[in-house]
Amino acid sequence: MRIDIITVLPELLRSPFEASIMKRAIDKGLVEVHFHNLRDYTTNKQKSVDDYQFGGGAGMVMSVQPIDDCITALKAERSYDEVIYMTPDGETLNQQMANKMSMYENIIILCGHYKGVDQRVRDHFITKEISIGDYVLSGGELGALVLSDAIIRLIPGVLSDETSALTDSFQDNLLSPPIYTRPAEYKGWKVPEVLLSGHFAKIEKWREDMAYEHTKNRRPDLLENE
Ligand code: ADE
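In the nomenclature of an unreviewed UniProt entry, the protein corresponds to tRNA (guanine-N(1)-)-methyltransferase from the organism Flavobacterium amnicola. Recorded under Subunit (unreviewed entry), the UniProt text for the protein is reproduced unchanged: "Homodimer." As its UniProt record puts it under Catalytic activity (unreviewed entry), the protein is described as follows: "guanosine(37) in tRNA + S-adenosyl-L-methionine = N(1)-methylguanosine(37) in tRNA + S-adenosyl-L-homocysteine + H(+)".

Here it is, written out as structure tokens:
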């Protein structure tokens, strides 16, 4: 898979791809991530990528021209499954969306900044608008990182068996059950007996029951879709 991220702040994006799972995926050749600095695409002398809002109003707006040139150059090289714009008024990211996108070949992620992008960018280039939650970030970069991480860890071969994404919270609309490691007793706090029993079927049943209880208490909305 190839992810092209368009941004005015590439320095904000680099380090998360240089550690842990995302680095491993890149090292294994399972994903390629490319950053594109919008300032490299602007044709005006001041190298500006934004301008005042028509009709007045506070805040700058990202201009069409550099975004057009960048996306058009990328699309001339290959076809893209999706051109995504990170924005708080987009569709809220969830696990199902990440699952679907992990099967794509190529995606572009455009990070918004300032007040956002000129509407004509959204009308003519963007195929999907994604929010990572109901709060406003200073820009789309952190959202792009969250989206990339959620997708990349699902690409076949990225996670080893013991870290398999199949048992993650949300994967079956349930939150994960509690987990424990050694020691079996610490300061008198005991690990549930069943987990030490070695009885696989009972352990599975306990985990399912706990996952259901946990979901019912914390996120009953997830059970409504069952
Ligand atoms: N840009 C600003 N806020 C955002 C959010 N919540 N999700 C995605 N991109 C954003």
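From this point on, the discussion continues.
**Q** What is the right way to look at the side chain of arginine 122 in this model?
**A** As for its placement among the helices and strands, arginine 122 is situated in helix 4 (residues 119-124). With relative accessibility at 16%, the residue arginine 122 sits in the buried group. One polar contact links arginine 122 to glutamate 129, side chain to side chain, over a distance of 2.8 Å. The contact partners of arginine 122, leaving out residues within four places of it in the chain, are Tyr85, Thr87, Asp89, Val117 and Glu129.

**Q** Where do I start with the environment of tyrosine 135 in this structure?
**A** By the secondary structure assignment, tyrosine 135 is in the loop between strand 7 (128-131) and helix 5 (141-152). The exposure class of tyrosine 135 is partly exposed, given its relative accessible area of 45%. Counting along the chain gives 95 residues from tyrosine 135 to aspartate 40, while the straight-line C-alpha distance between them is 30 Å. Side-chain polar atoms of tyrosine 135 contact the backbone oxygen of isoleucine 132, separated by 3.0 Å.

**Q** Sorry if this is basic, but what is going on with helix 6 (residues 200-218) here?
**A** Structurally, the α-helix is built with 3.6 residues per turn, so residues lying three or four positions apart point the same way. Between its first and last C-alpha atoms helix 6 spans 27 Å; for 19 residues at 1.5 Å apiece the expected length is 27 Å, and the two agree. Restricting attention to buried positions, one finds in helix 6 the residues Ile203, Trp206, Ala211 and Thr215. Each buried residue of helix 6 sits inside an arc of 160° when the element is viewed along its axis, so together they form one side. Looking at helix 6, the residues exposed on the side facing more than 90 degrees away from the buried face are Ala201, Lys202, Glu208 and Asn217.

**Q** How should the site of the ligand be read in this particular structure?
**A** Neighbouring the ligand are the residues Met86, Thr87, Pro88, Ile130, Ser131, Ile132, Gly133, Tyr135, Val136, Leu137, Gly139 and Gly140. Here glycine 133 contributes a backbone N or O atom positioned 3.1 Å from a nitrogen atom of the ligand. The separation between a nitrogen atom of the ligand and a polar main-chain atom of leucine 137 is 3.0 Å. When the free accessible area of the ligand is taken as 260 Å², the share hidden by the protein chains comes to 96%. Of all the elements in the fold, those that place two or more residues in the shell around the ligand are strand 5 (82-92) and strand 7. For the shell around the ligand, the per-class residue count stands at seven nonpolar, five polar and no charged.

**Q** What am I meant to see in the pairing of strand 5 here?
**A** Successive side chains on a regular strand alternate, one facing one side of the sheet and the next facing the other. Relative to strand 6 (residues 106-111), strand 5 runs parallel, the two sharing five bridges. Opposite isoleucine 84, over in strand 6, you have isoleucine 109 as the bridge partner. At this point the chain moves from strand 5, through helix 3 (residues 95-101), to the parallel strand 6, and the crossover so formed is right-handed.

Conventions and cut-offs
Numbers given to residues run from 1 along each chain, matching the order in which its sequence is written. For a predicted model such as this one, the threshold for reporting local features is a pLDDT of at least 70, and the threshold for listing and counting side-chain atom pairs is 80 or more; totals across whole chains, interfaces and linings nevertheless cover every residue. The side-chain numbers reported here are obtained from all heavy atoms of the structure, hydrogens and water having been left aside. UniProt positions are given in the numbering used here, feature names are shortened, and annotations may be inferred rather than shown by experiment. Helix and strand assignments come from DSSP, with helices taken as H or I runs of at least 4 residues and strands as E runs of at least 2, each series counted from the N terminus. Each residue is placed in one exposure class: buried if its accessible area under a 1.4 Å probe, protein chains only, is under 20% of its type's maximum, exposed if it is over 50%, and partly exposed if it falls in between. Side-chain atoms alone can form a polar contact between residues adjacent in sequence; in general such a contact is a pair of N or O atoms within 3.5 Å, and within protein one must be able to donate a hydrogen while the other accepts it. Note on contacts: a residue pair qualifies if any of its non-hydrogen atoms lie within 4.5 Å across the two residues. To estimate how far a helix should reach, multiply one less than its number of residues by 1.5 Å. Comment: arc refers to directions from the helix axis out to C-beta atoms. Near, as used in this document, describes a residue that has one of its heavy atoms within 4 Å of the molecule or strand being considered. All accessible-area figures derive from a Shrake-Rupley calculation using a 1.4 Å probe, and residue coverage is judged against the displayed protein chains alone. Any residue that is not Ala, Val, Leu, Ile, Met, Phe, Trp, Tyr, Cys, Pro, Asp, Glu, Lys or Arg is counted as polar, Gly included; the first ten are nonpolar and the last four charged. Whether two strands pair comes down to DSSP finding at least two bridges between them. The handedness of a crossover follows from its direction of travel: if, with the strands pointing away from the viewer, the path from the first strand over the helix to the second runs clockwise, the crossover is right-handed.

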